[in-house]
Amino acid sequence: MKKSLVLTGMMGVGKTTIGRLLAKRLLLKFIDVDKVIEKNQGKSIKRIFEENGEPFFREIEERITLKILKKKRAVIALGGGAFMNNQIRLKVLKSCTSIWLKVNLKSLIKRYKKNDRRPLLNTRKTDVDLKKMYELRKKIYRFANFRINCDNMRKSQVVDKILFLYEN
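The following refers to the structure shown. (Residues numbered from 1 in each chain as written. Predicted model: local features only at pLDDT ≥ 70, side-chain atom pairs only at ≥ 80, totals over all residues. Heavy atoms only, no water.)

**Describing the environment of Asn40**
With respect to the element layout, Asn40 can be found in helix H2 (residues 33–41). For Asn40 and Ile64, which are 24 residues apart along the polypeptide, the C-alpha to C-alpha distance reads 9.0 Å. Beyond its immediate chain neighbours, meaning those up to four positions away, Asn40 contacts Arg63 and Ile64. (Helix = DSSP H or I, 4+ residues; strand = E, 2+ residues; numbered from the N terminus. Contact = heavy atoms within 4.5 Å.)

**Re the sheet that holds strand E1 (residues 4–8)**
Pairing between the strands of a sheet is mediated by backbone hydrogen bonds and can be parallel or antiparallel. Pairing is parallel in the open sheet, where 5 strands are placed in the order E2-E3-E1-E4-E5. Edge positions in the sheet fall to strand E2 (29–32) and strand E5 (146–149), since each of these pairs with one other strand and no more. Sheet twist, expressed as the average angle between the axes of neighbouring strands with direction ignored, equals 20 degrees. In the sheet, strand E4 (residues 96–102) pairs with E5 via 4 bridges, with the strands oriented parallel. Looking at the pairing, Leu101 lines up with Ile148 of E5. (Pairing = 2+ DSSP bridges. Axes fitted to C-alpha atoms, helices over the stretch in contact; angles between N-to-C directions.)

**Points about the environment of Asn52**
Mapping Asn52 onto the fold places it in helix H3 (residues 45–52). In this structure Asn52 touches Lys43 and Arg47, once residues within four positions along its chain are discounted. There is a polar contact of 3.3 Å between the side chain of Asn52 and the side chain of Lys43. (Polar contact = N/O pair within 3.5 Å; in protein donor to acceptor, adjacent residues only side chain to side chain.)

**Observations concerning the pattern of salt bridges**
By the definition in use, this model includes 7 salt bridges. Note that Lys43 and Glu51 form a salt bridge whose closest N and O atoms lie 2.8 Å from each other. Here Glu51 falls in the partly exposed class, since its relative accessible area comes to 45%. Across the pair Glu61 and Arg58 runs a salt bridge whose closest N-O atoms are separated by 2.9 Å. Here the residue Glu61 and the residue Arg58 both occupy positions in helix H4 (residues 54–68), the gap between them amounting to 3 residues, near one helical turn. (Salt bridge = Lys/Arg side-chain N within 4 Å of Asp/Glu carboxyl O. Buried < 20%, exposed > 50% of the residue type's maximum accessible area, 1.4 Å probe, protein only.)

**With respect to the side chain of Glu61**
Looking at Glu61, the relative accessible area reads 1%, which means it is buried. Setting aside anything within four residues of it in sequence, one finds Glu61 in contact with Ile37, Gly79, Gly81, Ala82 and Ile88.

**A word on unusual backbone geometry**
Working note: non-glycine residues mostly have negative phi, and peptide bonds are mostly trans. Notably, Leu27 is not glycine yet its phi reads approximately 55 degrees, a positive angle. By secondary structure assignment, the location of Leu27 is in the loop between helix H1 (15–26) and E2.

**A few points about H1**
For H1, which comprises 12 residues, the first-to-last C-alpha distance of 16 Å matches the rise-based estimate of 16 Å (1.5 Å per residue) to within 8%. Listing the buried residues of H1 in full gives Lys15, Ile18, Gly19, Leu22, Ala23 and Leu26. Projection of H1 onto a plane perpendicular to its axis shows the buried side chains occupying an angular sector of 135 degrees, all on one side. For H1, the exposed residues lying more than 90 degrees away from the buried face are Arg20, Lys24 and Arg25. Those residues of H1 that are buried lie in contact with E1, E2, strand E3 (74–77), E4 and helix H8 (155–167). (Expected span 1.5 Å × (residues − 1). Arc of directions from axis to C-beta.)

**So, the packing of H4 against helix H5 (residues 86–95)**
Pairs of packed helices are described in terms of their axes, by the angle between the two and the distance that separates them. Between H4 and H5, the least distance of the axes is 9 Å, while the angle of their chain directions is 15 degrees. Relative to H5, H4 is oriented roughly parallel. Helix-helix and strand crossings are classified by hand; for H4 and H5 the assignment is left-handed. Contacts between H4 and H5 pair Glu61, Glu62, Thr65 and Leu66 from the former with Gln87, Ile88 and Lys91 from the latter. Of the residues belonging to the contact of H4 with H5, the class tally is 2 nonpolar, 2 polar and 3 charged. (Parallel < 35°, antiparallel > 145°, perpendicular 65-115°, else oblique. Left-handed = near helix turned anticlockwise from the far one by under 90°. Nonpolar A, V, L, I, M, F, W, Y, C, P; charged D, E, K, R; others polar.)

Here it is as structure tokens:
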């Protein structure tokens, strides 16, 4: 039996979009961890950060993500910071196939400026903060089983590449 397929990467790289397409093609359930957290807490991730802070969010993220990772054969989109958590990362690497969806920093900055739902980047120093976060996180994302540079690729190409890696 194939393992669950887990997508990791920075906020805004397309984990949810690609995950939905993959799940449809593989005839598997799609789970967006951030959406599960929002449903569990009855509020948006942004509001959780504003009202309860990042440590509270990370605690809930760990508990919910580890529970989700026990499921067999699903396509799972992690939150952007989830793979930084040792417990989550070790569970993913032990029991799932993981894919790091990578996009260049310039593209991410453009995407973030169009969207205010990114709680860790809701400051005036978006470019500086994002660059720091990107440099830190990419050192950890590299532990994923596979890396796909999504720059200059259509969604369908990314999905096809992931399917090839997952099925072979």
